[in-house]
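# Secondary and tertiary structure notes
What follows is each chain in one-letter form.
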Amino acid sequence: MSWLPLLRRAPDWQAEPARWVVVDVETSGLDPARDRLLAIAAVALRVDWPRRRLAIEAKDSFEVVLRQPLPSARDNILLHGIGAQRQLEGVEPGRALQAFAAYLGDAPLLAFHAAFDRKLIGRYLRAELGRELASPWLDIEHLCAALHPKQSARSLDEWLDVMGIACLARHEAAADAWAECELMLRLWPAVAAECSNWRQLQRLARHHRWIGRA
């Protein structure tokens, strides 16, 4: 499958997307402009607006470790668990990003603190493939804030605690992506009560900017 059309053309968002992709990354640090992308993991959600249903598609998932010229620092490895050997033997970055683009297709992307993931993945796509993804992004944290304005939670750990979600292996991209899918399921009843399509969901997430929070 050629990946170029997936990166060149803008999807027709008049056609309501039924498949969303929740993505999480592991990195060598916290600066998306400078630090290295170590791994990408993603899990798909299936949305049925007419029936007001959202489901995790467990078999529709993606995970890749990118090959590194040198392993990340030891304290960084202790955080995410991607050892030095796995980093050195990972998938060549261009191939890894090509595979991710093919997996994603035209689906919109959701992530917790999405600006970080978007900037880092976009930086690597430009460097390795000379392109960017056309898919729109939605920040799950913004959605949490819009739907639960009285909560003071900010981090993923805090929101998982608020929602009573246990992450099996925090700071591992695949486990974090799954936990973020579960977070979306917890938010879904409130989302379905206010939204009937993707564009309305985007507007709801943007609403967090005008909500005063403690």
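Refer to the structure presented above.
In this report, the structure presented in the accompanying data block is examined. All values reported here derive from a predicted model rather than from experimental measurement.

### Describing the sheet that holds strand E1 (residues 19-27)
Either a parallel or an antiparallel arrangement is found when strands of a sheet pair, and the pairing is made through backbone hydrogen bonds. Sheet architecture is open: 5 strands sit in the order E3-E2-E1-E4-E5, paired in mixed fashion. The open sheet is flanked by strand E3 (53-65) and strand E5 (137-139), the only strands paired with a single partner. Strand-to-strand twist in this sheet, taken as the mean axis angle between neighbours without regard to direction, amounts to 25°. In terms of strand pairing, E1 meets strand E4 (residues 109-111) through 2 bridges, oriented parallel. Bridging from a neighbouring strand, Val21 pairs with Leu109 of E4. The strands that helix H8 (residues 173-194) touches are E1, strand E2 (37-48), E3 and E4; relative to E1, the one it contacts most, it runs at about 140°.

### Let's talk about the layout of surface pockets
Put simply, the largest pocket is a space of about 470 Å³. Forming the boundary of the largest pocket are 19 residues, of which Val25, Leu30, Phe116, Arg170 and His171 lie nearest the centre. Taken together, the elements giving at least two residues each to the lining of the largest pocket come down to E1, helix H2 (74-80), helix H5 (114-129) and H8. Per-element tally for the lining of the largest pocket: the top contributor is E1, with 4 residues. Per-class residue counts for the lining of the largest pocket are 6 nonpolar, 7 polar and 6 charged. Considering only enclosed or pocket space, the second largest pocket measures out at about 230 Å³ in volume. If you trace the second largest pocket, you find 12 residues lining it, with Trp137, Leu138, Asp139, His142 and Arg206 closest to the centre. Sorting the residues of the lining of the second largest pocket by element identifies H5, E5 and helix H9 (198-206) as the ones contributing at least two each. By residue class, the composition of the lining of the second largest pocket is 5 nonpolar, 3 polar and 4 charged.

### Comments concerning the packing of aromatic side chains
Within this structure, the stated rule accounts for 6 aromatic pairs. For the ring pair Phe62 and Phe100, a centre distance of 5.6 Å and an interplane angle of 50° mean the geometry is tilted. Pair noted here: Phe62 is in strand E3 and Phe100 is in helix H4 (residues 93-104), with a separation of 38 residues, a long-range link. Residue class for Phe62 comes out buried when judged on its relative accessible area of 14%. In this structure, Arg19 packs its charged tip against the face of Tyr103, placed 4.8 Å from the ring centre.

Definitions and limits used
Residues numbered from 1 in each chain as written. Predicted model: local features only at pLDDT ≥ 70, side-chain atom pairs only at ≥ 80, totals over all residues. Heavy atoms only, no water. Pairing = 2+ DSSP bridges. Helix = DSSP H or I, 4+ residues; strand = E, 2+ residues; numbered from the N terminus. Axes fitted to C-alpha atoms, helices over the stretch in contact; angles between N-to-C directions. Contact = heavy atoms within 4.5 Å. 1 Å grid on protein atoms, 1.4 Å probe; cavity = no way out; pocket = protein on both sides within 12 Å on 5 of 7 lines; lining within 4 Å. Points joined across faces, edges and corners; volume = space filled by probe spheres on them. Nonpolar A, V, L, I, M, F, W, Y, C, P; charged D, E, K, R; others polar. Phe/Tyr/Trp six-rings, centres within 6.5 Å; stacked < 30°, edge-to-face > 60°. Buried < 20%, exposed > 50% of the residue type's maximum accessible area, 1.4 Å probe, protein only. Lys NZ or Arg CZ within 6 Å of the ring centre and 35° of its normal.

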